[in-house]
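The residues making up each chain are set out below.
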Amino acid sequence: MSKVLMKGNEAIAQAAIAAGCNAFFGYPITPQNELIEYMSKYMPDKGAFVQAESELAAINMVYGAAAAGARAMTSSSSPGLALKQEGISYCAGAELPAVIVSVSRGGPGLGGILPAQGDYNQATRGGGNGDYKVIVLAPNGVQEATEMVRKAFYLADTYRNPVIVLADGVIGQMMEPVEINTEALPLIAKPWASDGNLSRGHRNVVNSLFLNPVELEKHNQDLRAKYDLIEEKEVDYELSHDENAEVMFVAYGTPSRIVKAAIENLKAEGINACLFRPKTLYPFPYEALKKAAQGKKFVLCAELSMGQMIQDVRLSLEGSVPAHFYGRAGGMVFEPKELVNAVKDHLGGR
Amino acid sequence: MKTIKCVSAGFGGQGVLTVGQLIAILAMDKDLAVSWMPSYGPEMRGGTANCHVVIDAKEVSSPLIAEGITHLLAMNQPALDKFLPRCAEDVVIVTNASLVKNVPSDFKGSLIPIDFNQIAQDLNELKVANMAAFGALLRTMPMFSREDGIEAIIKKLGKKNESLTELNIKAFEMGYAKEA
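Residues numbered from 1 in each chain as written. Chains lettered and ligands numbered in written order. Predicted model: local features only at pLDDT ≥ 70, side-chain atom pairs only at ≥ 80, totals over all residues. Heavy atoms only, no water.

**Student:** Which residues make up the pattern of salt bridges, and what values do they have?
**Tutor:** Within this structure, the stated rule accounts for 27 salt bridges over all chains. Salt-bridge contacts for A:Asp157 lead to A:Arg71; the nearest nitrogen and oxygen are separated by 2.8 Å. In this pair, A:Asp157 sits in helix H6 (residues 142-159) while A:Arg71 sits in the loop between helix H3 (55-67) and strand E4 (72-76), placing the two residues 86 residues apart along the sequence. Given the relative accessible area of 7%, A:Asp157 is considered buried. Take A:Arg71: its relative accessible area is 4%, and that puts it in the buried class. Residue B:Glu173 pairs with B:Arg146 through a salt bridge whose shortest N-O separation is 2.5 Å. Linking B:Glu173 in helix H7 (residues 162-177) with B:Arg146 in helix H6 (residues 146-157), this pair joins segments that are 27 residues apart in sequence. In this structure B:Glu173 comes out as partly exposed when scored by relative accessible area, which is 27%. (Salt bridge = Lys/Arg side-chain N within 4 Å of Asp/Glu carboxyl O. Helix = DSSP H or I, 4+ residues; strand = E, 2+ residues; numbered from the N terminus. Buried < 20%, exposed > 50% of the residue type's maximum accessible area, 1.4 Å probe, protein only.)

**Student:** Run through the packing of aromatic side chains, naming residues and quoting values.
**Tutor:** Note on aromatic pairs: each is described by the distance of the centres and the angle between the planes. By the definition in use, this model includes eight aromatic pairs over all chains. Both rings, one in A:Phe24 and one in A:Phe49, keep their centres 6.0 Å apart while their planes meet at 0 degrees; by these two values the pair is stacked. Taken together, the residues A:Phe24 in strand E2 (residues 23-26) and A:Phe49 in strand E3 (residues 48-51) connect sequence positions 25 residues apart. Accessibility expressed as a relative area gives 0% for A:Phe24, which makes it buried. A centroid spacing of 5.0 Å and a plane angle of 55 degrees characterise the contact between A:Phe284 and A:Tyr286, whose relative ring orientation is tilted. When its relative accessible area of 4% is taken as the criterion, A:Phe284 is described as buried. The partly exposed category is assigned to A:Tyr286, whose relative accessible area is 32%. Grouped by ring-pair contacts, the aromatic residues B:Phe134, B:Phe172 and B:Tyr176 constitute a single cluster. (Phe/Tyr/Trp six-rings, centres within 6.5 Å; stacked < 30°, edge-to-face > 60°.)

**Student:** Explain the nonpolar core to me, using residue names and the numbers behind them.
**Tutor:** One finds A:Met73 and A:Val313 to be the most contacted residues of the largest nonpolar core, which totals 98 residues. It is H6(A) that provides the largest number of residues to this core, a total of nine residues. Viewed by domain, this core spans two of them, domain 1 (4-233) and domain 2 (238-346) of chain A, each represented by three or more residues. When neighbours within four sequence positions are excluded, A:Val313 is seen to be in contact with A:Val250, A:Phe284, A:Leu289, A:Val299, A:Cys301 and A:Ala323. Within the second largest apolar cluster, 50 residues are counted, among which are B:Ile25, B:Leu32, B:Leu138 and B:Ala171. (Core = buried A, V, L, I, M, F, W, Y, C linked by side-chain atoms within 4.5 Å. Domains from an automatic or database assignment. Contact = heavy atoms within 4.5 Å.)

**Student:** Got a sec to walk through the interface of chain A and chain B? Specific residues and values, please.
**Tutor:** In this assembly, 23 residues from chain A lie in contact with 20 residues from chain B. Taken over both partners, the interface formed by chain A and chain B buries close to 1800 Å², and the fraction arising from carbon and sulfur atoms is 71%. If you sort the residues of chain A by the area they bury against chain B, A:Leu5, A:Met175 and A:Arg257 come out on top, with a joint share of 27%. Counting across the interface, chain A meets chain B through two salt bridges. Between B:Glu59 and A:Lys260 there is a salt bridge, with the nearest N and O atoms lying 2.9 Å from each other. (Buried area = accessible area lost by both parts, 1.4 Å probe.)

**Student:** Please set out the side chain of A:Lys279 residue by residue, giving values where relevant.
**Tutor:** Relative to the assigned elements, A:Lys279 resides in the loop between strand E11 (273-278) and strand E12 (280-282). The contacts of A:Lys279, once residues within four sequence positions are left out, are A:Val136, A:Leu137, A:Ala138, A:Glu144, A:Met148, A:Asp236, A:Tyr237 and A:Glu238.

**Student:** Give me the lowdown on a nonpolar patch on the surface, citing residues and values where you can.
**Tutor:** Residues and elements named next belong to chain A. Together, Val235, Tyr237 and Leu239 line one region of the surface with nonpolar side chains, adding up to about 210 Å² of accessible area. Within the secondary structure, Leu239 is located in strand E9 (residues 237-240). Residue classification places Leu239 among the partly exposed positions, given a relative accessible area of 33%. (Patch = residues over 30% accessible without salt bridge, like charges linked within 9 Å, V, L, I, M, F, W, Y side chains within 5 Å. Areas by Shrake-Rupley, 256 points an atom, 1.4 Å probe, with all protein chains shown as cover.)

**Student:** Could you give me a rundown of the sheet that holds strand E14 (residues 323-327) of chain A, with the residues and numbers involved?
**Tutor:** Pairing between the strands of a sheet is mediated by backbone hydrogen bonds and can be parallel or antiparallel. All names here are of chain A. What the five strands build is an open sheet, ordered E9-E11-E10-E13-E14; its pairing is mixed. What marks the edges here is a single partner per strand, and that holds for E9 and E14. Direction aside, the axes of adjacent strands within the sheet are offset by 20 degrees on average. The pairing of E9 with E11 spans four bridges and is antiparallel. (Pairing = 2+ DSSP bridges. Axes fitted to C-alpha atoms, helices over the stretch in contact; angles between N-to-C directions.)

**Student:** Can you lay out the pairing of strand E4 (residues 69-74) of chain B for me, pointing to particular residues and giving the numbers?
**Tutor:** All names here are of chain B. Along E4, six of the six residues are buried, which leaves the element largely enclosed by surrounding structure. As defined by bridge partners, strand E1 (residues 4-11) adjoins E4 across four bridges and the pair is classed as parallel. Paired with Val7 across the bridge in E4 is Leu72. Here E4 pairs with strand E5 (residues 87-96) via five bridges, running parallel. Bridge pairing in E5 places Leu72 opposite Ile93.

**Student:** I'd like a rundown of the packing of helix H1 (residues 16-29) of chain B against H6(B), residues and numbers included.
**Tutor:** Residues and elements named next belong to chain B. Between H1 and H6, the shortest axis-to-axis distance is 9 Å and the interhelical angle comes to 110 degrees. The angle between H1 and H6 falls in the class roughly perpendicular. H1 and H6 meet at a crossing whose hand is right-handed. Across the interface between the two elements, Thr18, Gln21, Leu22, Ile25, Leu26, Met28 and Asp29 from H1 touch Asp148, Gly149, Ala152, Ile153, Lys155, Lys156 and Leu157 from H6. (Parallel < 35°, antiparallel > 145°, perpendicular 65-115°, else oblique. Left-handed = near helix turned anticlockwise from the far one by under 90°.)

Keep in mind these values describe shape, not function.
Structure below.
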C-alpha cells in the first residue's frame, strides 16, 4: 500500500479500527475532535460507536465493553482525561484491556487548546485511586502514532491493563504521509470476559471490589507482579547515538523533533549533542537513560511543561550526571534556537 | 537537499490550507519527508488561517516553522506582516497583489506579486484564486513540475468536486504561467 497524507487524529482512528477496535466511546474536545469524527463515520460498520453524554460516561462504557470482551477505546484531551481518571483506576483494578488516546493541550483547568505536555504526570502517575499503573506510549509523529495505537491494543490485551497513547496537539492536528498496518491483530483469548456465554457452567464476574483485605492485598500483589513484568519487558526508547556528544537531550513527543533540529544547529557551532527519547513513559527507561548519559557534561530535559518528566530523568540519573530543564507551556512551543541557547548557557557561555 | 520551509497564509476561506496540502502531497509522491501543520482553534476564528509545510530528504525535524521560512504565500496583508519577520534572507514570497500592498522597501528576497483574484474573476469563479496561487508558488519550487501540480490537483480535489477540476487546473496553469 502506498502512503497517504493524513491528519494524526484521523490516522490514529483508522489504525485503531485496523487493529480490531470494535467499540469506541468518546466525547468531543479540541484538539482531538477529528478522531471521534472519523470513528463516528467508520466505526458503525465494525462495531459500536457512542458519543457519550460526558467523558465520565465514555470511560465507563469502555469499562463495560472491555468487560464483555470488546477491543474498547476512548479518546480525549487534557481536561477530559482528568474526568476519566476514576474510570481508568476501575479498569486497572478490574484488569480490563482498554486503550485511551490523550491528545494533550495546555492546562491546568480548561487551559487552552494548543499543544502542551503538562499531562505527563497525569498519564504516568494517574489521578485515580489505588496502586495501579497504566502503560503510556508517546509517539513523535503521525506514522508512529498509528503504530503505537496498534501496539496499545496488543499490550492492553496481553496484560489486561489500560494503555494510554499520549500524543500532543501537534500530532493530532498535523498531516504526514502514513502507511497504516492493516494486518489483522490476532485476538487474544479472553476466557475471563463477562460475555454472556452460558456454556461455561460458571459466571464470569468482572469487578474491582474486594471487601476481604486478604484478597485485596493478594490482588495488589498480583497487580504489582504484572507491573514488574511490564517494566522488565516493555521499556522502549530511541537513542540518537553520537560518540562525541558532550550533551544529551531528553525529550518525548513533538519536542523530540524540535530537539533534532537544535542538535543540527549545535553541530554547526561545533557542539555535539545527542537525543534520548523515551517511547514508553511507563515503563520509563530508567536504566537505559542512565547508561546513555554516562560521560556527558549534562543532560537537558526539554518539555512543553514546567517540568514533569525531569523528575523521572533525575530518578534515572541518580545524581551521576547533572540534569537541567528547559520548558515552555500553555501552547507556546520552543524553537530550536532556544534549546541551542540553553545548552550554551549551561556550557558556560560558549 | 535544502529543507523547504513553506508557509501558506491568508484569510479563512481563501483556501490556503488546501494549497499547503497540495504541496505536501507532491512531496509525498516524490518520496520526500513532509509535514503539514495547520493553525487551529482560536487562531482560525479571528479570520486568519495558515499552515506550515516542511519538506526534507529523509526526516522532518520540527513540523513547526519558527524561523527561516524559504517560501511564503501571502494571500493578504496580515499574512505578510505576520510571517515576514520569520523569513530567511533568500525567501521567495508570492503575494496576492490586490490584497498585499505594503512590502517593506528594504525587503531583499524575491517577490512575486500576482493578482490571483483577477485570474479567478476572469474565470468567473472566485473559489479558484488559491489554485492560481498554488501554480505561482509551485513554480518557485524547481523540484516539482507543472505536470506534478496538475496531478496533485486531480488527486486531492478531483473526486471532491469534479465540476470544478477543470477550472482548478485552468487557474493553476494561469498562476503558473504568470510573470510577476
